[in-house]
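# Structure at a glance
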Amino acid sequence: MKQFHFTVQDELGIHARPAGLLAKEAKLYKSKITITKNDRTVEATKLMMIMSLGVKKGEEVVVSVEGEDEEKAFEAMETFFKENL
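Our subject in this report is the structure included herewith. (Residues numbered from 1 in each chain as written. Predicted model: local features only at pLDDT ≥ 70, side-chain atom pairs only at ≥ 80, totals over all residues. Heavy atoms only, no water.)

## Considerations on the overall build of the protein
Quick reminder of the rule: Helix and strand assignments follow DSSP, with helices taken as H or I runs no shorter than four residues and strands as E runs no shorter than two, numbered in order from the N terminus. Here the globule rule is a power law, 2.2 Å times the number of residues to the power 0.38, and the radius of gyration is based on C-alpha atoms. To sort residues, take the accessible area from a 1.4 Å probe on protein chains only and compare it with the maximum for the residue type: under 20% means buried, over 50% means exposed, and anything in between is partly exposed. Only the protein chains shown count as cover for residues, and the accessible areas themselves come from Shrake-Rupley with a 1.4 Å probe.
Secondary structure summary: the protein contains 3 helices and 4 strands in total. Relative to the compact-globule value of 12 Å for 85 residues, the protein shows a C-alpha radius of gyration of 11 Å, a close match. Expressed as lengths along the three principal axes of its C-alpha atoms, the size of the protein is roughly 35 × 25 × 20 Å. Across the 85 residues of the protein, 44% fall into the buried class. Here the protein has roughly 4900 Å² of accessible surface; of this, 50% comes from carbon and sulfur atoms.

Here's what the structure looks like:
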């Protein structure tokens, strides 16, 4: 399993548009991708679950990737977060 910490920079936090794009991106990989904020962990493929985390600007999340294509998925998620959040 690989993981990285990310502090959200988007003024609106993880709101509907980037959450939708994130879920769509996560569905491209076979690996299980999760996002954790505080003590709550949700699957990155589930839009409503991502939204339920209520991540605001300046808050840190932990993104975890585990599975057969985890290297590729990890790099894609890291890039996605840097470019969109």
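Now that the structure has been shown, the text picks up again.
## Looking at the sheet that holds strand 3 (residues 40-43)
Quick reminder of the rule: Two strands form a pair only when DSSP identifies at least two bridges running between them. To define axes, lines are fitted to C-alpha atoms, for helices over the stretch in contact only, and angles between the resulting N-to-C directions are given on a 0 to 180 degree scale.
The strand order across the open sheet formed by 4 strands is 1-4-2-3, and the pairing between neighbours is antiparallel. Because the sheet does not close on itself, it has two edges, and the strands there are strand 1 (2-7) and strand 3. If you compare each strand with its neighbour and ignore which way they point, the axes differ by 25° on average. Of the strand pairs in this sheet, strand 1 and strand 4 (residues 60-66) are connected by 6 bridges, and their pairing is antiparallel.

## Examining the environment of V62
The test is simple: Should any heavy atoms of two residues lie within 4.5 Å, those residues are considered in contact.
Structurally, V62 can be placed in strand 4. In the structure, V62 is positioned 21 residues away from E83 in sequence and 16 Å away in space, judged by C-alpha atoms. Excluding anything up to four places from it in sequence, V62 contacts Q3, F4, H5, T34, I35 and T36.

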